[in-house]
Amino acid sequence: METHQQLEAGSHVVQFYERDEELIETVTEYLASGLRAGEVTIVVATQEHLGAFEVALRASGVEVDAHVARGEFVPVDVGRTLSEIMTADGPDIAAFDETIGSLVRQGALSGRRVRAYGELVALLWDAGQVNAAIEVESLWNDLGLRVPFTAFCAYRTRSVAGTNRVHELGKLCHLHTAIVGDVATLNERFDIAPTRTFVNSPQAPRDARRFVADVLQRWGKADLIDDASVVVSELATNAVLHAQSDFSVGMTLCDGGVSVAVSDASHSPPVQYAASATAASGRGVALVAALSDEWGSALTPAGKTVWAVLR
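For clarity, every value in this text was computed on a predicted model and none was experimentally measured.

**Student:** Would you explain the side chain of Thr41 in this entry?
**Tutor:** Position of Thr41 relative to the elements: it lies in strand E2 (residues 40-45). Its relative accessible area of 0% is what places Thr41 among the buried residues. At 3.4 Å, the side chain of Thr41 and the backbone oxygen of Glu39 are in polar contact. In this view, Thr41 contacts Leu31, Gly34, Leu35, Glu72, Phe73, Val74 and Arg115; residues no more than four positions away in its chain are not counted.

**Student:** Hey, could you run me through the sheet that holds E2 in this one?
**Tutor:** Backbone-to-backbone hydrogen bonds pair the strands of a sheet. The strands run either parallel or antiparallel. Reading across the sheet, the 6 strands line up as E3-E2-E6-E7-E1-E8 and stay open at both edges, with parallel pairing between neighbours. What marks the edges here is a single partner per strand, and that holds for strand E3 (73-77) and strand E8 (178-180). Across the sheet, the mean angle from the axis of one strand to that of its neighbour is 20°, orientation sign disregarded. As defined by bridge partners, E2 adjoins E3 across 5 bridges and the pair is classed as parallel. Residue pairing across strands places Val44 opposite Val76, the latter belonging to E3. Sheet contacts for helix H4 (residues 78-85): E2 and E3; angle to E3, the most-contacted strand, approximately 65°.

**Student:** Explain the pairing of strand E13 (residues 303-310) here, please?
**Tutor:** Every other side chain in a regular strand lies on the same face of the sheet, so the side chains alternate between the two faces. Of all 8 residues that make up E13, 7 are buried, and the element is covered over most of its length. Bridge analysis of strand E11 (residues 257-264) against E13 gives 7 bridges, and the strand direction is antiparallel. Paired with Val258 across the bridge in E13 is Leu310. As paired elements, strand E12 (residues 294-300) and E13 share 7 bridges and run antiparallel to each other. Within E13, the position partnered with Ala298 by the bridge is Thr305.

**Student:** Mind showing me how you'd approach the nonpolar core here?
**Tutor:** Generally speaking, nonpolar side chains in soluble globular proteins are found buried as a group. Formed by 40 residues in total, the largest nonpolar core has its most connected members in Phe16, Phe96, Leu120 and Tyr155. By residue number, the principal contributor to this core is helix H7 (residues 130-146), which donates 8 residues. Counting 28 residues, the second largest nonpolar core, distinct from the first, contains Ala228, Val231, Val249 and Ala308.

Parameters at a glance
Residues numbered from 1 in each chain as written. Predicted model: local features only at pLDDT ≥ 70, side-chain atom pairs only at ≥ 80, totals over all residues. Heavy atoms only, no water. Helix = DSSP H or I, 4+ residues; strand = E, 2+ residues; numbered from the N terminus. Buried < 20%, exposed > 50% of the residue type's maximum accessible area, 1.4 Å probe, protein only. Polar contact = N/O pair within 3.5 Å; in protein donor to acceptor, adjacent residues only side chain to side chain. Contact = heavy atoms within 4.5 Å. Pairing = 2+ DSSP bridges. Axes fitted to C-alpha atoms, helices over the stretch in contact; angles between N-to-C directions. Core = buried A, V, L, I, M, F, W, Y, C linked by side-chain atoms within 4.5 Å.

Structure representation (structure tokens):
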């Protein structure tokens, strides 16, 4: 699937790749698509990758120097950027906004759409600063809530697929609106968050339950099927009735259990009501809280994700 087909304003896409050649091909397609459409295209990458992207862009017929001169192609050194935004305690929110945020806002002020590619998170993950990488992913999403733009990042598969990082990998996947590449192969080889999108319809919650049950059966977690089915049914029903949007369900193995996450197009966070015994509705979030060991939600540029961990 071509990368640009998965990207709309407000989307945040991730690619897991094994070879640099694979990354260069996908990112070049993404950058060229933006430049040819007249978008401001920001690239935060290593000097090695910046050079490779520019060579590939020129080979595809893109006049890189002209786009740079017009402020449409903005290459940024990722090492210098990391030194500006990182502290001993993790990412500095204000510094991220001053560096990355200012570039996105400046591009948006031109009246053109903005797209960005970044390797900040990948370098942090490779350096063992996994929680910092997840925080920076959240900062990209927070920025997208204020200034609509498309974001694309990438991780080496061998870097993220270690068995000791499955919980963090689940969080990482849930912070994105789509995964680029051969997702079926990634799921089979590395258990990278099986995800399925469901069209808004009355039967969608039922289909979501079946998807969750099938994944749990395959993972040898049949004992969690009943509770997980109730959880996904409630969250999917909320997406259909309240968000009135299509939704996706993502699953991840984590700490002896599983994480189930439902993403929809609403920015309204879930509310846990104290429903009366005779109430016909209003118990959904309370059921999720009762059946899960922990649960929560996060806003994304495209809406929100509600997740629950069951063990």
